[in-house]
Amino acid sequence: MNKNCDVLVIGSGPGGYVAAIRAAQLGKNVLCVDKRKELGGTCLNIGCIPSKTLLHTTESYWKLLHHGQERGLETTGLSVNFSQMMTNKRKVISGFNAGIAGLFKKNKITHLCGQASFRGTHEVQLSTGETITFKEAILATGSEPIALPFLPFDEKRILSSTGALSLEAPPQKLLVIGAGVIGVELGSVYSRLGSEVLFIEFLDCICPALDHSLSKALQESLTRQGMQFYLSSKVIEATVQDSITLQVETPSGLQTFTGDAVLVAIGRKPYTAGLGLDTVGIATNPKGMVLVDRQFRTNLSHIFAIGDLIDGPMLAHKASEEGVAVAEIIAGKKPLVDYSTIPQVAYTYPEVAAVGFTEKETQALCLTIKTGVFPFKANSRAKCNDEDDGFVKIIADAASDEILGVHIIGAHASELIGEGVVAMQNRMTSQGLAETSHAHPTLSEAIKEAALAVNGRAIHK
Ligand code: FAD
Ligand code: NAI
């Protein structure tokens, strides 16, 4: 059977489904295909949403277990029902699967399930046999985990994030290769549930994209929670028997680590398998990213690409911003995505969140800066909440006082960073932010104080 549309969106993740909705709002006849039955892509089905659901549940448990009694909460008999935790995770996901389906219906978007493969420059065929002809297409097929050649994923004991989000029971000892954002988030989940968690990280710091002060503070905090880190270390061999044994080159020599599961979290790569890019000659770079211009056009100007498939941070909100922009470009508008104010977050405890330049990046750009730091230990709400681990750091240009970066480590940093994003998007100065009234007692007062500290004026420090 053949179907026609104005705009074909391939992939229904946060890039694709948002692009589809925006294109439909702008009057286009839109068809969205996904090889997965459920809508929502990696983010909803095997990424952001399941991981944050498990992080929230395990954080509540861990806080009650370790800090309940001192706050007057009797926790005798507190225990974990792991299978119910997973059932709840699935319920949250399926609620949103249905939510996106409802939005598609409301916006009159046709949804088909099947793997799309190019047959011509205006035609794809689905794995179901159907063909679709389109005027314009948006590729939003996302990314997949990178495997180590000597440790292929079986998703039972050799895990990517996908397997780690669907285990039947917490492993006794979990080895994590790569202390990036997936590693520290999912490592935290299992550490809180009682697993022994040990990280092997290639570089000399964890979460290397973070400002060094946050990366260091996060590592210290996770270490206090019982996680172990081997930095500047490289796995050179793996033996998989009843348990998994890794030979690791560490700064103090060759070491052997044994665990009953290993999570390989060393990054993700663009996913284009089966898409048939070669059939129509769509260009990619050596890392497999689809090459696009500033309007997200591939070398075929009526075929666009967005999200994890193209260059830039692999983040859901970045994919969605691009989804809106590409739909508007197709409709003849001139939107702009401001990549300098895209926030990044790791949902650990404490959370870390950042927007703008790190201190190291300002050095590389030879910018002259001033910084203000304010600890949550001096913030009244953080004390009330028993969540006083961490600090806010604001970097401003020394001459103009314009804010160049906001870096937060602390409980609810993921929510607090929104203020930094708005301030930077509106090119505020640290003084302007410092002169803005913040409700008391709130964690956000630490942002005001850090902004005051940029010019040596913090009140409570
Ligand atoms: P995806 O969400 O990957 O969607 C691509 C879709 O395309 C998939 O559904 C796939 O089935 C479909 N597809 C692929 N090929 C075809 C084809 N040929 N035909 C039809 N369909 C096809 N980001 C955040 O911002 N915050 C977070 O907290 C966060 N947590 C994460 C946690 C984990 C464990 C992981 C793995 C990722 C996380 N991310 C997070 C990253 C985020 O999930 C991605 O950046 C985001 O999903 C990318 O969106 P996308 O639309 O580009 O692609
Ligand atoms: P990552 O790039 O964040 O971290 C990978 C880590 O592995 C790095 O620290 C890197 O130095 C290390 N590494 C690479 N090769 C190694 C090796 N051979 N041995 C040991 N260490 C090695 O990638 P990760 O954690 O896999 O996540 C992929 C992407 O998913 C992220 O970049 C992010 O964009 C997205 N994501 C976002 C989340 C969020 O926003 N909260 C949560 C989870 C994922």
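Just so we're clear, the structure is a prediction, and the values are computed from it rather than from any experiment.

The rules behind the values
- Residues numbered from 1 in each chain as written.
- Chains lettered and ligands numbered in written order.
- Predicted model: local features only at pLDDT ≥ 70, side-chain atom pairs only at ≥ 80, totals over all residues.
- Heavy atoms only, no water.
- Near = heavy atom within 4 Å.
- Polar contact = N/O pair within 3.5 Å; in protein donor to acceptor, adjacent residues only side chain to side chain.
- Areas by Shrake-Rupley, 256 points an atom, 1.4 Å probe, with all protein chains shown as cover.
- Helix = DSSP H or I, 4+ residues; strand = E, 2+ residues; numbered from the N terminus.
- Nonpolar A, V, L, I, M, F, W, Y, C, P; charged D, E, K, R; others polar.
- Salt bridge = Lys/Arg side-chain N within 4 Å of Asp/Glu carboxyl O.
- Buried < 20%, exposed > 50% of the residue type's maximum accessible area, 1.4 Å probe, protein only.
- Axes fitted to C-alpha atoms, helices over the stretch in contact; angles between N-to-C directions.
- Parallel < 35°, antiparallel > 145°, perpendicular 65-115°, else oblique.
- Left-handed = near helix turned anticlockwise from the far one by under 90°.
- Contact = heavy atoms within 4.5 Å.

A look at the site of ligand 1
Near ligand 1 you find 38 residues, and of these Asp-34, Thr-42, Lys-52, Asp-308 and Ala-316 are the closest. Between ligand 1 and Asp-34 there is a distance of 2.7 Å, counted from an oxygen atom to a side-chain nitrogen or oxygen. At 3.0 Å, a side-chain N or O of Arg-36 approaches an oxygen atom of ligand 1. Against a free-state accessible area of 1000 Å², the protein chains account for coverage of 94% of ligand 1. Of all the secondary-structure elements, those providing two or more residues to the shell around ligand 1 are helix H2 (41-46), helix H3 (48-67) and helix H9 (316-330). Residue contributions to the shell around ligand 1 peak at 4 residues, all from H2. Residues of the shell around ligand 1, tallied by class, amount to 15 nonpolar, 17 polar and 6 charged.

Thoughts on the pattern of salt bridges
Scanning the model with the defined rule gives 17 salt bridges in all. Put simply, Lys-37 and Glu-38 hold a salt bridge, and the shortest N to O gap is 3.4 Å. On the accessibility criterion, Lys-37 (62% relative accessible area) is exposed. What you see here is one network of salt bridges that share partners, running through Glu-59, Lys-63 and Glu-387.

Let's talk about the site of ligand 2
Near ligand 2 you find 21 residues, and of these Glu-185, Glu-201, Gly-267, Met-314 and Val-345 are the closest. Phe-202 is positioned such that a nitrogen or oxygen atom in its backbone is 3.2 Å from a nitrogen atom of ligand 2. Val-345 places a main-chain nitrogen or oxygen 2.8 Å from a nitrogen atom of ligand 2. Relative to its unbound accessible surface of 840 Å², ligand 2 loses 76% to contact with the protein. Residue contributions to the shell around ligand 2 peak at 3 residues, all from helix H6 (residues 181-192).

Examining the packing of helix H1 (residues 16-25) against H9
At a minimum axis separation of 8 Å, H1 and H9 run at an interaxial angle of 30 degrees. With respect to their mutual orientation, H1 and H9 come out roughly parallel. Note that H1 runs across H9; the crossing there is right-handed. Where H1 approaches H9, its residues Val-18, Ala-19, Arg-22 and Ala-23 are matched on the opposing element by Ser-320, Gly-323, Val-324, Val-326, Ala-327 and Glu-328. Of the residues contributing to the contact of H1 with H9, the split by class is 6 nonpolar, 2 polar and 2 charged.

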